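One letter stands for each residue in the lines below.
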Amino acid sequence: MRTAKICLAGVAAAAMVGFLAAPAAAAPDDTTATTFEVAAGTLDIVAPTTADLGSGAPGDTISGQLGVVTVDDSRGAADASWIASVTSTVFQTGGGSPPETVLPSEIDYWSGLATATTGDGTFTPGQDTAGDAAPLDSVTLLTAFTHGGGTGGNTASWNPTLVVNVPLDSIAGDYTGTVTHSVA
């Protein structure tokens, strides 16, 4: 009888250990509040540092591409519109007397179509073709390219052409000036 009690006590103890060692019931689900930030970037334009358009005689036209100009918009805006503009200084050689000067208005600019774009919205060249070329100015900005609408980031690249209408009274020399692209 004593053996039966010990056996019963052993069975009861084993059952109790099994009950206590049973895995805990897991919650049906749990949540983690998670955040991240999309940082606002910048609106930038990059143009070639130098360009050589070639040569021509007085009264000729000299035409050449400036090199790829790129707008990079990483502002992350709800309206990712921008306008890229271009202006020019006077081009001079020697002492800069009138026959040693080519005015910006004697230099036509045409952007041509985009060579590459990313993002959504509408990308529009300022001057699609050579027939749309417009004279540069040292004060008034000429629209080179625009982007309308869209959201988030975008980029556009183009390779504009400059057409220098060399004045008939120009003297020989290397003429230097600055073409400036800006974006806003």
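Draft legend 1. Region of interest: the side chain of Asp 108. Along the chain, the position of Asp 108 falls in strand S7 (residues 107–110). One buried charged residue, Asp 108, forms no salt bridge at all, with the nearest opposite charge on Arg 75 at 29 Å. Within the local environment of Asp 108, its side chain forms a polar contact with the side chain of Asn 165, the two groups lying 3.4 Å apart. Discounting residues that sit within four places of it in the chain, Asp 108 has contacts with Ala 133, Ala 134, Pro 135, Thr 161, Leu 162, Val 163 and Asn 165.

Draft legend 2. Quick look at the sheet that holds strand S13 (residues 161–165). Here we have four strands laid out as an open sheet, ordered S2-S13-S7-S10, and antiparallel in their pairing. Strands with a single pairing partner mark the edges of an open sheet, and in this sheet they are strand S2 (61–65) and strand S10 (134–135). Taken together, the two bridges between S7 and S10 define a ladder with antiparallel strand orientation. Paired with Tyr 109 across the bridge in S10 is Ala 134.

Draft legend 3. Highlighting the nonpolar core. Of all hydrophobic cores here, the largest spans 24 residues; its most connected members are Trp 82, Tyr 109 and Trp 158. Elements with a contribution of two residues or more to this core: strand S3 (69–77), strand S4 (82–88), S7, strand S11 (142–148), strand S12 (152–158) and S13.

Draft legend 4. Summary view of the side chain of His 181. Structurally, the position occupied by His 181 is in strand S14 (residues 179–183). The buried category is assigned to His 181, whose relative accessible area is 10%. If we ignore the near neighbours within four places in the chain, the residues touching His 181 are Ile 45, Ala 47, Leu 66, Val 69, Ser 85, Val 86, Tyr 109, Ala 144, Trp 158 and Pro 160.

Draft legend 5. The pattern of salt bridges, seen in detail. Throughout the structure, instances matching the rule amount to one salt bridge. Between Arg 75 and Asp 73 there is a salt bridge whose closest N-O contact spans 2.7 Å. The exposure class of Asp 73 is buried, given its relative accessible area of 1%.

What counts and how
Residues numbered from 1 in each chain as written. Predicted model: local features only at pLDDT ≥ 70, side-chain atom pairs only at ≥ 80, totals over all residues. Heavy atoms only, no water. Helix = DSSP H or I, 4+ residues; strand = E, 2+ residues; numbered from the N terminus. Buried < 20%, exposed > 50% of the residue type's maximum accessible area, 1.4 Å probe, protein only. Lys, Arg positive; Asp, Glu negative; His and termini not counted. Salt bridge = Lys/Arg side-chain N within 4 Å of Asp/Glu carboxyl O. Polar contact = N/O pair within 3.5 Å; in protein donor to acceptor, adjacent residues only side chain to side chain. Contact = heavy atoms within 4.5 Å. Pairing = 2+ DSSP bridges. Core = buried A, V, L, I, M, F, W, Y, C linked by side-chain atoms within 4.5 Å.

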